[in-house]
Amino acid sequence: MILIHCPYCDEQRPEIEFAYAGQAHIARPANPDSYSDEEWERFLFFRANPRGRHHERWRHTHGCGRFFNAVRDTVTDKFETTYKAGEPRK
Amino acid sequence: MSGYRLPAGGRVDRSKPVTFRFDGKTYQGFAGDTLASALLANGVTLFGRSFKYHRPRGVLAAGNEEPNALVSIHRGPGRFTPNLRATNVELHDGLNASSQNRWPSLKTDFGAINDRLGMFFPAGFYNKTFMWPRSFWERLYEPAIRKMAGLGDAPTENDPDTYTATYAHCDLLIVGAGPAGLDAALEASGTGKRVILIDEQDEAGGGALADPALWPWLERSMKALNAAAKVTILTRTTAFGYYHDNFIGAVERLTDHLPENSDGPREKLWRIRAGEVLLAQGAIERPLVFDGNDTPGVMLSSAAKTFANRYGVAVGKSLALMAVHDSGWHDVFALKKAGIAIAAIIDARTDVDGDLKAEAAALGISVHLDHSVIGVSGRHQVNSIEICANNGNARRTIPCDALLMAGGWTPSVHLWSHSKGSLKWRDDLGAYVPDQANENCRSIGACAGDWDFGKGAVFDVLPTLRDQARIKAFVDFQNDVTAKDINLAVREGFRSIEHIKRYTTNGMATDQGKTSNLNGLQIASTALAKAVPDIGLTTFRPPYTPQTFGALAGHAKGALFQATRTTNIDGWAEENGAVFELVAQWRRARYFPQPGEDMHAAVNRECRAVRGGVGIFDASTLGKIEVVGPDAAEFLNRMYTNPWKALEPGRCRYGLLLKEDGFITDDGVSARLAPDRFHLTTTTGGAARVLNMMEDYLQTEWPDLNVWLTSTTEQYAVIALQGPNARKLLEPLVQGIDLSPEAFPHMTVREGLICGVPTRLFRVSFTGELGFEINVPTAYGRALWERLMADGADYGITPYGTEAMHVLRAEKGFIIVGQDTDGTVTPYDAGLDWAVGKKKPDFVGRRSLARPDIVAAGRKQLVGLLTEDPNMVLEEGAQIVADPKQPVPMTMIGHVTSSYWSETLGRSIAIGLVANGHAIMGETIYVPMPDGVIRATVTSMVFYDPEGARLHV
Ligand SMILES: [Zn+2]
């Protein structure tokens, strides 16, 4: 069972306290109407599936309840880092 | 007792005889014996039949690597465990064991015919032979093969035992309490570290238990460790899996070794998080591959030493050794000194150290260097072996009743591999050893290839005079894989060891190839003319040894498998005969049958009561979210399809929630209590999902909004009072709220008191009747319910359950998200255009409502369905077609999502998702069923009171 560092609680906690929440740094456009059908399709449905570093979101569901970002290696399953929502991509 | 028990020695307690049974026959052993050692002491050599060929098999090993001697243990009704290794089963009074995979008996086994036909069972036999026709496979081949092949029987009764579990944390976890593990524990014990030392045997010591010279050291060490404050020693505990971040799963066997073992938990699952892990798992001796190497009496040399030194048992009266490694020589020297006759040492190497030869000479043991065993005689026990010089000369027969194999050693890297540590090949050992760690973990002692067993050579198959294709030289004893099978796989084109493994099944039995993987690799390496590291290594996966489902499930079974949520009113429902159903995790009253009523009659009566008098319904399970803050209205405006900003305090609104893809995900009636405070409701099953979704948008998309979300689902008991008499019943009980239609119209909310208790009183209806939903603090739910029941007697008050609720809402065409929608339904598809704020610039899912496939023609839409025969109730889930005469498979244009008998209307009603449904009102569709085709007309979904006259009273 992986240990995940919550950047808000600043603690390493077991993964059962957390919920995965998809790829990170996909901001909802401020004006969706300005998106073409193709652009909106990409926003809705296209996600990265890298072999290696993956930027993703987690939520400390059974803890502080905050969503945060993480970099995880999809090969080793090791977390490189976690950081608060709103901070720049790492 | 039989003459196989040595007159002295061993760690068994000769003052404590133990009586046990094997295959119905009674035997005696001693406390401290295993089932294997006690049976060997009684002269038993035949322990089981092999998997595929039903060949007679004895004991190969003395530890958990044992592939042959699998037994079933019977501990009374329901307490049956198959496939236990006899070498791991501790003996106790009354132990009842039986052999497996034989019929009618172990000595006379019908399936042994397979052995005679063995030439017809090569690798891939099943794949090749039973391919066609498919129906034969299901009806004939598979049942026959399953009956003949297989290990043990699956238990047929529920397991009455209990299992427990715990978490543990430590600075240092040591797996294996042999000499290396004990030394490490002793060293750590003085440092203040929290240490856990795990060993799977009944006592610590590992290999030292088979070496009497180490016993004084062992005793001193255990005394010191037992006295150490921060050292926890867990024996009878198997570390079965090594997971991320130094998380180790282990099972402690608590009662199986006790004569009275049905009280208390049987096993305990340990979930251990360790700062550092030291693996001291030791090494496993490798069998040698030659014709007849599976005959009972052929076993690992180290096992014979363990049986003699630890259990005081001779595995034969006259032993021969077939060695390619020095360790076997030392073993037979020890056995000879223990008083057991040694018939010969045969070593395939051309020469060995002079010291070994000198000691053999001194002990009077005849030695045959550069020789190999080429055959074994005896069916249920070895009676002689045939040997021959490796150049083909000097063939001779040596009488003996056991043959020991010393094929070298394989470090136990199982847990290391679970942790994803890398391995490196060592030519000198002919084995893989740990290389780079992936966790904070080290391997020490024999599992790291660090041992004092001496040196040896590596052989794939021993030299033989016989035709390689006709010999039965076993590699994987448990799965009956021979050297020939592996060579065949290579000839047929398999190159990767992962493919060879799956084709031959080498290493795929319950022992995961503990004794067979390396021999398999060597044989494949020779056949492919490639070095072992170039053909890869199969992957070890948890569990290290088989574990019970009981231990893994622990307490999570029966009533504790999943929490059942109950409302404050649940007890009343139970006392009044409710029939319950589970909705998400909630237990809800489905209907309240009166004596003599079936569900149909009860639901009809409940529906009549709501339409004609007043019904009472426990709606406490509705999800509730309190949305508070200066930006609360703005936030809801962005989340829901409807406009919220202009909603006045005191008013309610039906809210429709989409996902960003435009599909309906939840709905519910919500109220504005104050400019900065909303009381949201969600579906019963959707509460947690909706709150998570709202938190996601609030935290990550719109962190600038000043809003707080709080789950209040369990803070309120909610009683729905529905029916024409609802107001009359309620009025006298309420203080501070004017219930008149003018002051308190449909879709409004008021705060006040009911029976002196604070309430949020909603005037809402999911039935189409005059209705109220009374929210009170949860603890008052049942008291209020009972008061309403008492006061409502004059009005014909009737409790109704979820089934009547479903019928009543369907009569009104109210959808249930998740029943009438399935994640592909838009507001337009559902006929809920009116709930979408056309003037809003944005809300979650709005852009998607203009997606090409959502505005395309021909989408499935929710419509009402009225069968031509009013008494015919459609089946929910039934498929709908436009033309029932088309050939099968027909083109399906939709399906029935809800269907009921409507007592109010005196006929059946249904809702369905039908392609282009809104455009085909009045047309006939068809529902083909096994008994015939049902005709129905597409209609509006609102079957009852379409003007809503009954609501606005
Ligand atoms: Zn946290």
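Residues numbered from 1 in each chain as written. Chains lettered and ligands numbered in written order. Predicted model: local features only at pLDDT ≥ 70, side-chain atom pairs only at ≥ 80, totals over all residues. Heavy atoms only, no water.

- Looking at an unreviewed UniProt entry, one finds chain B named FAD-dependent oxidoreductase, with Sphingorhabdus contaminans as its source organism.
- Among the UniProt annotations of chain B, the heading Sequence similarities (unreviewed entry) holds the following wording: "Belongs to the GcvT family." (UniProt positions renumbered as here; feature names shortened; annotations may be inferred.)

- For chain A, the name recorded in an unreviewed UniProt entry is Sarcosine oxidase subunit delta, with Sphingorhabdus contaminans as its organism.

1. Here's the deal with the overall build of chain A
Part 1 of the reasoning: Of the regular secondary structure elements, chain A holds one helix and six strands.
Part 2 of the reasoning: Each of the three principal axes of chain A carries a C-alpha extent, and together these read 40 × 30 × 20 Å.
Part 3 of the reasoning: Buried positions account for 36% of the 90 residues belonging to chain A.
Part 4 of the reasoning: Considering only intrachain contacts with a sequence separation of at least 6, the fraction spanning at least 24 residues in chain A is 45%.
Part 5 of the reasoning: Working note: accessible area of chain A is about 5200 Å², and carbon and sulfur atoms make up 47% of it.
Part 6 of the reasoning: Distance from the positive charge centre (14 side chains) to the negative charge centre (14 side chains) of chain A: 4 Å. (Helix = DSSP H or I, 4+ residues; strand = E, 2+ residues; numbered from the N terminus. Buried < 20%, exposed > 50% of the residue type's maximum accessible area, 1.4 Å probe, protein only. Contact = heavy atoms within 4.5 Å. Areas by Shrake-Rupley, 256 points an atom, 1.4 Å probe, with all protein chains shown as cover. Lys, Arg positive; Asp, Glu negative; His and termini not counted. Charge placed at Lys NZ, Arg CZ, Asp CG, Glu CD.)

2. Things to note about the overall build of chain B
Part 1 of the reasoning: Scanning chain B for helices and strands turns up 22 helices and 48 strands.
Part 2 of the reasoning: Here the C-alpha atoms of chain B give a radius of gyration of 38 Å, more than 25% beyond the 30 Å that 2.2 N^0.38 yields for 953 residues.
Part 3 of the reasoning: Counting all 953 residues of chain B, 56% fall into the buried class.
Part 4 of the reasoning: The contacts of chain B with a sequence gap of at least 6 include a subset with a gap of at least 24, amounting to 66%.
Part 5 of the reasoning: Accessible surface, chain B as shown: approximately 38300 Å² in total, 53% of it carbon and sulfur.
Part 6 of the reasoning: Once the 97 positive and 108 negative side-chain charges of chain B are each reduced to a mean point, those two points are 3 Å apart. (Rg over C-alpha atoms; globule rule 2.2 N^0.38 Å.)

3. Observations regarding the side chain of Asp347(B)
Part 1 of the reasoning: Structurally, Asp347(B) is set in strand E17 (residues 341-347).
Part 2 of the reasoning: Every residue in contact with Asp347(B), bar those within four places of it in the chain, is listed here: Met322(B), Ala323(B), Val324(B), His325(B), Trp329(B), Val352(B), His368(B), Leu369(B), Asp370(B) and His371(B).

4. Some details on the pairing of strand E40 (residues 757-763) of chain B
Residue and element names in this part refer to chain B.
Part 1 of the reasoning: Across the seven residues that make up E40, a large majority, six, are buried.
Part 2 of the reasoning: With seven bridges joining them, strand E39 (residues 748-754) and E40 adopt antiparallel strand pairing. Bridge pairing in E40 links Val 749 to Phe 762.
Part 3 of the reasoning: The hairpin turn running from E39 into E40, its antiparallel successor, is two residues long, and Cys 755 in that turn takes a positive phi close to 50°.
Part 4 of the reasoning: Where E40 meets strand E41 (residues 771-777), three bridges bridge the pair, whose relative direction is antiparallel. The residue of E41 that forms the bridge with Leu 761 is Ile 774. (Pairing = 2+ DSSP bridges.)

5. Topic: the interface of chain A and chain B
Part 1 of the reasoning: Every contact between the two is made by 27 residues of chain A and, on the other side, 29 residues of chain B.
Part 2 of the reasoning: Both sides together, the interface formed by chain A and chain B hides about 2200 Å², and carbon and sulfur atoms give 46% of it.
Part 3 of the reasoning: On the chain A side of the contact with chain B, Met1(A), Arg28(A) and Phe67(A) bury the most area, a combined 32% of that side's loss.
Part 4 of the reasoning: Our count for the chain A to chain B interface comes out at five salt bridges.
Part 5 of the reasoning: Here Asp33(A) and Arg846(B) are joined by a salt bridge, their closest N and O atoms 2.8 Å apart. (Buried area = accessible area lost by both parts, 1.4 Å probe. Salt bridge = Lys/Arg side-chain N within 4 Å of Asp/Glu carboxyl O.)

6. Some remarks on the coordination of the zinc ion
Residues and elements named next belong to chain A.
Part 1 of the reasoning: Surrounding the zinc ion are the protein donor atoms Cys 6 (SG), Cys 9 (SG), His 60 (ND1) and Cys 64 (SG), at 2.0 to 2.3 Å.
Part 2 of the reasoning: If you look at the zinc ion, its four donor atoms make angles of 105 to 116° with each other, and the shape they trace is tetrahedral.
Part 3 of the reasoning: Here the donor residues for the zinc ion map to a single chain with the spacing C-x2-C-x50-H-x3-C.
Part 4 of the reasoning: When its relative accessible area of 34% is taken as the criterion, Cys 64 is described as partly exposed. (Donors = N, O, S within 2.8 Å, 3.2 Å for Na, K, Ca; no water. Tetrahedral: all angles 85-135°; square planar, octahedral: opposite > 155°, others 65-115°.)

7. Here we look at the pairing of strand E1 (residues 3-6) of chain A
Residue and element names in this part refer to chain A.
Part 1 of the reasoning: What you see with E1 is a clean split: Ile 4 and Cys 6 sit on the buried side and Leu 3 and His 5 on the side with no burial.
Part 2 of the reasoning: In the sheet, E1 pairs with strand E2 (residues 11-14) via four bridges, with the strands oriented antiparallel. Bridged to Ile 4 within E2 is Arg 13.
Part 3 of the reasoning: In this structure, the hairpin formed by E1 and E2 is closed by a connection of four residues, where Asp 10 is found at a positive phi of approximately 55°.

8. Some words on unusual backbone geometry
Residues and elements named next belong to chain B.
Part 1 of the reasoning: Cis rather than trans, the peptide bond between Pro 542 and Pro 543 has omega equal to 0°.
Part 2 of the reasoning: With respect to the secondary-structure elements, Pro 543 resides in the loop between helix H13 (517-528) and helix H14 (549-553).
Part 3 of the reasoning: Of note in the backbone geometry, Ala 584 takes a positive phi value of approximately 50° without being a glycine.
Part 4 of the reasoning: At Cys 755, a residue that is not glycine, the phi angle is positive and equals roughly 50°.
Part 5 of the reasoning: Tracing the backbone shows Cys 755 in the loop between E39 and E40.
Part 6 of the reasoning: For Cys 755, a relative accessible area of 32% translates into the label partly exposed.

9. Considerations on the sheet that holds strand E21 (residues 396-399) of chain B
All names here are of chain B.
Part 1 of the reasoning: On the basis of which strands lie adjacent, the open sheet formed by three strands has the order E19-E20-E21 and antiparallel pairing. The open sheet has two free edges, formed respectively by strand E19 (371-377) and E21, since each of these has just one partner strand. Averaged over all neighbouring strand pairs, the angle between strand axes comes to 30°, with direction disregarded. (Axes fitted to C-alpha atoms, helices over the stretch in contact; angles between N-to-C directions.)

10. Brief notes about the environment of Pro32(A)
Part 1 of the reasoning: Along the chain, Pro32(A) turns up in the loop between strand E3 (19-23) and helix H1 (37-45).
Part 2 of the reasoning: Owing to a relative accessible area of 2%, Pro32(A) belongs among the buried residues under this scheme.
Part 3 of the reasoning: Contacts of Pro32(A), omitting those with residues within four sequence positions, involve Trp40(A), Asp842(B) and Arg847(B).

11. Focus: the pattern of salt bridges
Residue and element names in this part refer to chain B.
Part 1 of the reasoning: Inspection of every chain in the model, using the stated rule, returns 60 salt bridges over all chains.
Part 2 of the reasoning: Taking the shortest distance from any N to any O, the salt bridge between Asp 161 and Arg 79 comes out at 2.7 Å. Here Asp 161, found in the loop between helix H4 (134-148) and strand E8 (163-175), pairs with Arg 79, found in the loop between strand E5 (70-74) and strand E6 (80-85); they are 82 residues apart in sequence, far enough to count as distant. An identical accessibility class is assigned to Asp 161 and Arg 79; each is buried.
Part 3 of the reasoning: With a closest N to O distance of 3.3 Å, Asp 853 and Arg 851 form a salt bridge.
Part 4 of the reasoning: What makes Asp 853 partly exposed here is its relative accessible area of 41%.
Part 5 of the reasoning: In the salt-bridge network here, residues are joined through shared partners; they are Arg 75, Arg 79, Asp 161, Asp 256 and Arg 266.

12. Describing the environment of Asp842(B)
Part 1 of the reasoning: Locating Asp842(B) in the fold gives a position in the loop between helix H21 (802-811) and helix H22 (852-855).
Part 2 of the reasoning: Along the primary structure Asp842(B) and Met639(B) are separated by 203 residues, whereas in three dimensions their C-alpha atoms are 9.0 Å apart.
Part 3 of the reasoning: Discounting chain neighbours no more than four positions away, the residues touching Asp842(B) are Arg28(A), Ala30(A), Pro32(A) and Asn637(B).
Part 4 of the reasoning: Within the structure, Asp842(B) has its side chain in polar contact with the side chain of Arg28(A) (distance 2.8 Å). (Polar contact = N/O pair within 3.5 Å; in protein donor to acceptor, adjacent residues only side chain to side chain.)

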